[in-house]
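Fold and geometry: a report
Given next are the chains, with one letter for each unit.
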Amino acid sequence: MHASLCLRRSLFAFVVIANAALAAPLAGTSDLTWDGDLAARMVDGIHTFLDRATAASVERRARHWKRDYSSAEAYTKSVEPNRQRLKQVLGVVDERLPELAAYQREVGAF
């Protein structure tokens, strides 16, 4: 009786898999018929996307920087909000421990 149950389960699994393999594609889709190395094609697409995103970032970046070139002090003051935002993004917003700062002065910053 156990062998009969295993045979039925195997037959059922075969029918389900075979039926799925013969099923028609979803509406609005078709079989993948590309030739060549699909991984290389994907990597090329990723490079294209990143090149476009990088080019677009130059324009967007200019909107976030209000640089004042009238003097060195004015420039430093004008970019300070961006530096503070970078510190927050990088997670370096905590004050340094006095012991660590003294140690770094002794042996040099790492």
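The structure presented is a predicted model; accordingly, all values stated were derived computationally and were not measured.

1. As for helix H4 (residues 98–107)
The buried fraction of H4 amounts to one of the 10 residues, a small share that puts the element mostly on the outside. Looking at the residues trailing H4, positive phi occurs at Gly 108, about 95°.

2. Section: the side chain of Ser 78
Summarising the element assignment, Ser 78 is placed in helix H3 (residues 72–90). Judged by its relative accessible area of 16%, Ser 78 falls in the buried class. Only 3.0 Å separates the side chain of Ser 78 from the backbone nitrogen of Asp 68, close enough to count as a polar contact. Dropping the residues within four chain positions of it, Ser 78 is found in contact with Lys 66, Arg 67 and Asp 68.

3. Points about the packing of aromatic side chains
The full count for this structure, using the stated rule, is one aromatic pair. Ring centres 5.7 Å apart and planes at 25° place the aromatic pair Tyr 69 and Tyr 75 in the stacked group. Above the face of the Trp 34 ring, Arg 41 is positioned so that its terminal group lies 3.8 Å from the ring centre.

4. Here we look at the confidence of the model for the chain
For the chain, per-residue confidence averages 84 on the pLDDT scale, and 93% of positions sit at 70 or higher. By mean pLDDT, the top-scoring element of the chain is H3 (93), and the lowest-scoring one is helix H1 (residues 2–22) (75).

5. Side note on a positive patch on the surface
A contiguous patch of positive charge, built from Arg 60, Arg 61, Arg 63, Lys 66 and Arg 67, is present on the exposed surface. Relative to the elements of secondary structure, Arg 60 occurs in helix H2 (residues 38–64). Overall, the relative accessible area of 39% leaves Arg 60 in the partly exposed class.

What counts, and where the lines are drawn
Residues numbered from 1 in each chain as written. Predicted model: local features only at pLDDT ≥ 70, side-chain atom pairs only at ≥ 80, totals over all residues. Heavy atoms only, no water. Buried < 20%, exposed > 50% of the residue type's maximum accessible area, 1.4 Å probe, protein only. Helix = DSSP H or I, 4+ residues; strand = E, 2+ residues; numbered from the N terminus. Polar contact = N/O pair within 3.5 Å; in protein donor to acceptor, adjacent residues only side chain to side chain. Contact = heavy atoms within 4.5 Å. Phe/Tyr/Trp six-rings, centres within 6.5 Å; stacked < 30°, edge-to-face > 60°. Lys NZ or Arg CZ within 6 Å of the ring centre and 35° of its normal. pLDDT = per-residue confidence, 0-100. Patch = residues over 30% accessible without salt bridge, like charges linked within 9 Å, V, L, I, M, F, W, Y side chains within 5 Å. Areas by Shrake-Rupley, 256 points an atom, 1.4 Å probe, with all protein chains shown as cover. Salt bridge = Lys/Arg side-chain N within 4 Å of Asp/Glu carboxyl O. Lys, Arg positive; Asp, Glu negative; His and termini not counted. Charge placed at Lys NZ, Arg CZ, Asp CG, Glu CD.

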